[in-house]
Amino acid sequence: MDIAAVAIAVTGVAGTLGAALLTQRGAERAKRRELELSQAFQETRENLALRRGCYTRLYRDARQFATALNRHLHVLRDRTPEEGDTRALEEAKDAHRNHWSETLMIAPDAVIAPGDTANQALTRVYGMVKRLEQGDARPGESLRSAAEAQDELWALIKTMRHAMRQDLGVSGEF
């Protein structure tokens, strides 16, 4: 066998082995890319589920806090609040505060801004209600002004809900 034939044979074997190696590397890259895409898709689904749960709790608790403020105003109008009345208001406030804190850690700014507006309004009305309860109202604060401020909460909570729905990709209003 001459050197040229040996060189051709070696080149053929090397080419065959090289092609197999390149095919294997290509398959490994494709498999790795498929795994990365699958993981990214799973992370996106988990993040969406996390935000959905957080938003659901925050929306529910904001509504319950606003309702508790309304009930407490009715109690203040009709009678002296009892321990159970005060406890119900405090529990609603605490639940809202806890879920607002959770939202601050995971929600984008487009949700935080209207949520912060609603949170500040809830806190402001709560302050008015507590001052009225304690007989330490500021100038201009009355049961009527507190009730009007409480009634305005619903529009702010609705705006917050809209931002959360937008973030989740839920279209349309209901």
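## Structural notes on the overall build of the protein chain
The secondary structure content of the protein chain amounts to four helices and zero strands. Shown N-terminal to C-terminal, the secondary structure of the protein chain runs as helices and strands in the order α-α-α-α. Taking all 174 residues of the protein chain together, 30% fall into the buried category. Considering only contacts within the protein chain whose residues lie at least 6 apart along the sequence, 74% involve residues at least 24 apart.

## Some remarks on the nonpolar core
F65, L69, L89, L122, V129, L153 and M160 are the most contacted members of the largest nonpolar core, which has 30 residues in total. Breaking this core down by element, the ones donating at least two residues are α1 (3-78), α2 (83-106), α3 (109-133) and α4 (143-168). Broken down by element, this core gets its largest block of residues, 10 residues, from α3. Setting aside residues no more than four positions away along its own chain, L153 makes contact with A66, L69, A121, L122 and V125.

## A look at the packing of aromatic side chains
Given two aromatic rings, one states the distance between the centres and the angle between the planes to describe the pair. Scanning the entire structure with this criterion turns up one aromatic pair. Ring geometry for F65 versus Y126: centroids 6.1 Å apart, planes at 55°, classification tilted. Placement of the pair is F65 in helix α1 and Y126 in helix α3, with a sequence separation of 61 residues. Just as F65 is buried, Y126 falls in that class too.

## Comments concerning α4
Each α-helix winds once per 3.6 residues, and so residues spaced three or four apart point in a common direction. With 26 residues, α4 extends 38 Å between its outermost C-alpha atoms, agreeing within 8% with the 38 Å of an ideal straight helix rising 1.5 Å per residue. By the burial criterion, the buried members of α4 are S145, A146, Q150, L153, I157, M160, R161, A163, M164, R165 and L168. Remark: G169 follows α4 within two positions and exhibits a positive phi of approximately 80°.

## Quick notes on the pattern of salt bridges
This model, assessed by the stated rule, comprises 14 salt bridges. We note a salt bridge from R57 to E102, for which the minimum N-O separation is 2.6 Å. Of this pair, R57 sits in helix α1 while E102 sits in helix α2, and the two are 45 residues apart along the sequence. A residue is classified by how much of its surface remains accessible, and R57, at 26% relative accessible area, is partly exposed. The class for E102 is partly exposed, based on a relative accessible area of 25%. The partner of D85 in a salt bridge is R79, and the shortest N-O contact between them spans 2.7 Å. Residue classification places D85 among the buried positions, given a relative accessible area of 19%. A single network of salt bridges, built from pairs that share partners, joins E90, K93, D94, R97, K130 and E133.

## Re the packing of α3 against α4
For the pair α3 and α4, interaxial distance at closest approach is 8 Å and the crossing angle is 160°. Taken together, the axes of α3 and α4 lie roughly antiparallel to each other. Both α3 and α4 take part in a crossing whose hand is left-handed. Taken together, the residues of the contact of α3 with α4 break down into 18 nonpolar, five polar and one charged.

Calculation criteria
Residues numbered from 1 in each chain as written. Predicted model: local features only at pLDDT ≥ 70, side-chain atom pairs only at ≥ 80, totals over all residues. Heavy atoms only, no water. Helix = DSSP H or I, 4+ residues; strand = E, 2+ residues; numbered from the N terminus. Buried < 20%, exposed > 50% of the residue type's maximum accessible area, 1.4 Å probe, protein only. Contact = heavy atoms within 4.5 Å. Core = buried A, V, L, I, M, F, W, Y, C linked by side-chain atoms within 4.5 Å. Phe/Tyr/Trp six-rings, centres within 6.5 Å; stacked < 30°, edge-to-face > 60°. Expected span 1.5 Å × (residues − 1). Salt bridge = Lys/Arg side-chain N within 4 Å of Asp/Glu carboxyl O. Axes fitted to C-alpha atoms, helices over the stretch in contact; angles between N-to-C directions. Parallel < 35°, antiparallel > 145°, perpendicular 65-115°, else oblique. Left-handed = near helix turned anticlockwise from the far one by under 90°. Nonpolar A, V, L, I, M, F, W, Y, C, P; charged D, E, K, R; others polar.

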